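Tertiary structure, described
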Amino acid sequence: MNQDNCQRRTLMRDKAKGKIAGVCAGIAEYFNIEVWLVRIIAVTALIFSSSFVAVIYIAMWFILDEKKPNPAAQPSHHLGVKTKVWQAGEPPQRAFREINQEFSELEQSLQRIERYITSNAYKIDRELDRL
């Protein structure tokens, strides 16, 4: 692979998406996960590790370079091809509706199969196949 085709990711603070200094937003972008998930992990770690996480956060604030805003970037509300709901940033209500619709369609399909299996047509088809 040549170096022009290979993009190297770097860990940078993202103040545009950040709440305090953009450290959590930068980590989320680097690992390609949702910012809220990184924030929950950081706050939980802060609660259970006394001040160690706060020191690390402040150190990263000073060490990491700030990401320059990219005007050509797509708007943040655009949903690309999603792999997992929490990665795509889809609102929970919308994700729930989609999942509920899929389960409803599966339920209807299963009901059709059950109706066929318990019908006389299935018994006749089975007997004809045995001949």
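A quick note: this is a predicted structure, and the numbers were derived from the prediction, not measured. (Residues numbered from 1 in each chain as written. Predicted model: local features only at pLDDT ≥ 70, side-chain atom pairs only at ≥ 80, totals over all residues. Heavy atoms only, no water.)

This part covers the overall build of the protein chain. What the protein chain contains, in helices and strands, is six helices and zero strands. Counting from the amino terminus, helix and strand elements in the protein chain follow one another as α-α-α-α-α-α. The buried share of the protein chain, reckoned over its 131 residues, is 13%. Put simply, 42% of the contacts in the protein chain that link residues at least 6 apart link residues at least 24 apart. (Helix = DSSP H or I, 4+ residues; strand = E, 2+ residues; numbered from the N terminus. Buried < 20%, exposed > 50% of the residue type's maximum accessible area, 1.4 Å probe, protein only. Contact = heavy atoms within 4.5 Å.)

The UniProt entry lists residues 40–64 under the feature "transmembrane region" (unreviewed entry), expressed in the numbering used here. A distance of 21 Å separates the end C-alpha atoms of residues 40–64, which is 84% helix and 0% strand. (UniProt positions renumbered as here; feature names shortened; annotations may be inferred.)

Positioned with a positive phi, Asn32 is a non-glycine residue whose angle comes to about 60°. Here Asn32 shows up in the loop between helix H1 (23–31) and helix H2 (35–48). For Asn32, a relative accessible area of 53% corresponds to the exposed category.

For the rest of this paragraph, the subject is the nonpolar core. Listed in full, the nine residues of the largest apolar core are Ala21, Val23, Cys24, Ala25, Ile27, Ala28, Val35, Val38 and Tyr57. Mapped onto this core, the elements with two or more residues apiece are H1 and H2. Ranked by the residues each element gives to this core, the list is headed by H1, at five residues. Not counting residues up to four positions away in its chain, the partners in contact with Cys24 are Val38, Arg39, Ala42 and Tyr57. (Core = buried A, V, L, I, M, F, W, Y, C linked by side-chain atoms within 4.5 Å.)

Counting through the fold element by element, Leu11 comes out in the segment before H1. Separated by 54 residues in the primary sequence, Leu11 and Asp65 place their C-alpha atoms 8.1 Å from one another. When sequence neighbours within four positions are dropped, the list of residues in contact with Leu11 reads Gly26, Ile27, Tyr30, Met60 and Leu64.

Further remarks concern the pattern of salt bridges. A full pass over the atoms with the stated rule returns two salt bridges. Between Glu127 and Arg130 there is a salt bridge, with the nearest N and O atoms lying 3.6 Å from each other. Of the two residues, Glu127 and Arg130 both sit in helix H6 (residues 120–130), three residues apart, roughly one turn of that helix. Classification of Glu127 by relative accessible area gives partly exposed; the value is 43%. Residue class for Arg130 comes out exposed when judged on its relative accessible area of 58%. (Salt bridge = Lys/Arg side-chain N within 4 Å of Asp/Glu carboxyl O.)

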